[in-house]
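Observations on chain architecture
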Amino acid sequence: MKSRFHRGLAAAALVALFACAFGLRAAADGPPFVTDDPEPVSLHHWEAYVSMMYQHGPPGSFGTLPHIEINNGVAPNTQLHIILPMAFAQAPSAPMAWGYGDTEVGVKYRFMQEGRRRPMAGIFPLVEVPTGNQVRGLGSGHLQIYLPIWFQKSWGAWTSYGGGGYWINPGAGNRNWWFGGWLLQKDLNRRLTLGGELFASTSSGTGQQSQFDFNLGGQYNFDDGHHLLFSAGRSIRGSADLMAYVGFQWTFGPHSRQ
């Protein structure tokens with residue numbers, strides 16, 4: 001019983017790290033990548049995602065199955081954001097746990113528009129609310145806060161964005177930590193966009209190592225309002241043998257065709 005309890009706490013810490021990293025999802029570009037962008041949802045428009053995230057490595061398997069993300073352009077240059085996850089976690093030689101995870105809420109604000117030479121810039125503070133069961137590995141057990149800044153620049157069919165920030169991560173054995181990443185992608189045509197990213201994080205707790213990872217992925221547009229998003233990657237340095245994301249995005253607003 002004691003070893004199972006300890007496995008549960010270890011899985012909880014890993015799921016918390018995974019959720020923090022993969023919870024960095026934004027409006028126009030963010031998903032399916034971990035790196036985010038500064039561009040908010042257009043005024044009075046909505047984005048809704050139904051997605052799954054998966055990570056596997058020596059510590060076990062964990063992710064979401066599924067999670068729902070909703071973004072709304074509530075004011076000029078301002079977006080409200082929430083993620084409602086059903087999480088799963090399975091440590092080696094332990095049964096899989098599945099249930100509601102930690103809720104993510106945030107506000108994205110673009111404070112600088114893109115110019116000919118000037119990049120777009122914005123902030124996207126996030127709060128991870130500890131609604132998941134920590135003992136079962138489905139949540140962190142503590143309120144966490146992420147304070148990032150993001151930049152973006154486009155040249156024709158090419159777009160590059162990235163940045164990062166600081167995670168406030170309270171709790172016994174936890175450490176505050178840094179996360180950052182950068183991405184380059186290209187619109188191959190009006191239907192398909194492909195890209196790749198590198199991202200890294202410092203250690204978030206006692207006995208946990210820093211991470212350096214990559215992802216390749218993209219987006220397929222069925223039409224202006226319906227999109228398939230996908231990515232997969234692994235750690236260059238760290239504990240992830242495989243990480244993957246797949247999701248469906250629905251965008252709509254006052255003048256959208258339903």
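Keep in mind that what you see is a predicted model, and the values were worked out from it rather than measured.

**Digging into the overall build of the protein**
Across its full length, the protein carries 1 helix and 14 strands. Taken across its 258 residues, the protein has 48% of its residues classed as buried. By sequence separation, contacts in the protein at least 24 residues apart represent 53% of the contacts at least 6 residues apart. Approximately 11800 Å² of the protein is accessible, and the part contributed by carbon and sulfur atoms is 64%.

**As for the pattern of salt bridges**
Counted by the stated rule, this structure contains 4 salt bridges. In this structure, Asp-36 and Lys-108 form a salt bridge, with 3.7 Å as the shortest nitrogen-oxygen distance. Taken as a pair, Asp-36 in the loop between α1 (2-22) and β1 (46-57) and Lys-108 in strand β5 (residues 103-112) lie far apart in primary sequence, 72 residues in all. Here Lys-108 falls in the buried class, since its relative accessible area comes to 0%. Within this structure, Asp-36, Asp-37 and Lys-108 form a network of salt bridges that share partners.

**A word on the environment of Thr-159**
The topology assignment puts Thr-159 in strand β9 (residues 158-168). For the pair Thr-159 and Asp-187, spaced 28 residues apart in the sequence, the C-alpha separation amounts to 8.4 Å. Other than its neighbours up to four places away in sequence, Thr-159 contacts Gln-152, Lys-153, Ser-154, Leu-183, Leu-184 and Gln-185. Within the structure, Thr-159 has its side chain in polar contact with the side chain of Ser-154 (distance 3.1 Å).

**As for the pairing of strand β10 (residues 177-187)**
Across 10 bridges, β9 lies against β10 in antiparallel orientation. Residue pairing in the sheet places Thr-159 in a bridge with Gln-185 of β10. Judged from the 9 bridges that link them, β10 and strand β11 (residues 192-201) form a sheet pairing that is antiparallel. In the sheet register, Lys-186 faces β11, and the bridge partner there is Leu-194. Hairpin connection from β10 to β11: 4 residues lie between these consecutive antiparallel strands.

**Things to note about the nonpolar core**
Grouped together as the largest cluster of nonpolar side chains are 11 residues: Val-34, Phe-124, Leu-126, Tyr-146, Trp-150, Trp-167, Trp-177, Phe-179, Phe-199, Ala-240 and Met-243. At the level of secondary structure, the elements contributing two or more residues to this core comprise β8 (144-155) and β10.

**Here's the deal with the packing of aromatic side chains**
One pass over the structure, following the stated rule, counts 10 aromatic pairs. Taking the centre distance of 6.2 Å and the plane angle of 25 degrees together, the rings of Tyr-54 and Phe-88 count as stacked. Here Tyr-54, found in strand β1, pairs with Phe-88, found in strand β3 (residues 78-90); they are 34 residues apart in sequence, far enough to count as distant. Overall, the relative accessible area of 26% leaves Tyr-54 in the partly exposed class. Ring centres of Phe-179 and Phe-199 lie 6.0 Å apart, and the angle between their planes is 45 degrees; this geometry places the pair in the tilted category. One end of the pair, Phe-179, is in strand β10; the other, Phe-199, is in strand β11, with 20 residues separating them in the sequence. Taking relative accessible area as the criterion, Phe-179 reaches 4% and is therefore assigned buried. Relative accessible area serves as the criterion here: at 3%, Phe-199 is assigned to the buried category. Three or more aromatic residues joined by ring pairs make a cluster, and in this case those are Tyr-146, Trp-167, Trp-177, Phe-179 and Phe-199.

About the criteria used
Residues numbered from 1 in each chain as written. Predicted model: local features only at pLDDT ≥ 70, side-chain atom pairs only at ≥ 80, totals over all residues. Heavy atoms only, no water. Helix = DSSP H or I, 4+ residues; strand = E, 2+ residues; numbered from the N terminus. Buried < 20%, exposed > 50% of the residue type's maximum accessible area, 1.4 Å probe, protein only. Contact = heavy atoms within 4.5 Å. Areas by Shrake-Rupley, 256 points an atom, 1.4 Å probe, with all protein chains shown as cover. Salt bridge = Lys/Arg side-chain N within 4 Å of Asp/Glu carboxyl O. Polar contact = N/O pair within 3.5 Å; in protein donor to acceptor, adjacent residues only side chain to side chain. Pairing = 2+ DSSP bridges. Core = buried A, V, L, I, M, F, W, Y, C linked by side-chain atoms within 4.5 Å. Phe/Tyr/Trp six-rings, centres within 6.5 Å; stacked < 30°, edge-to-face > 60°.

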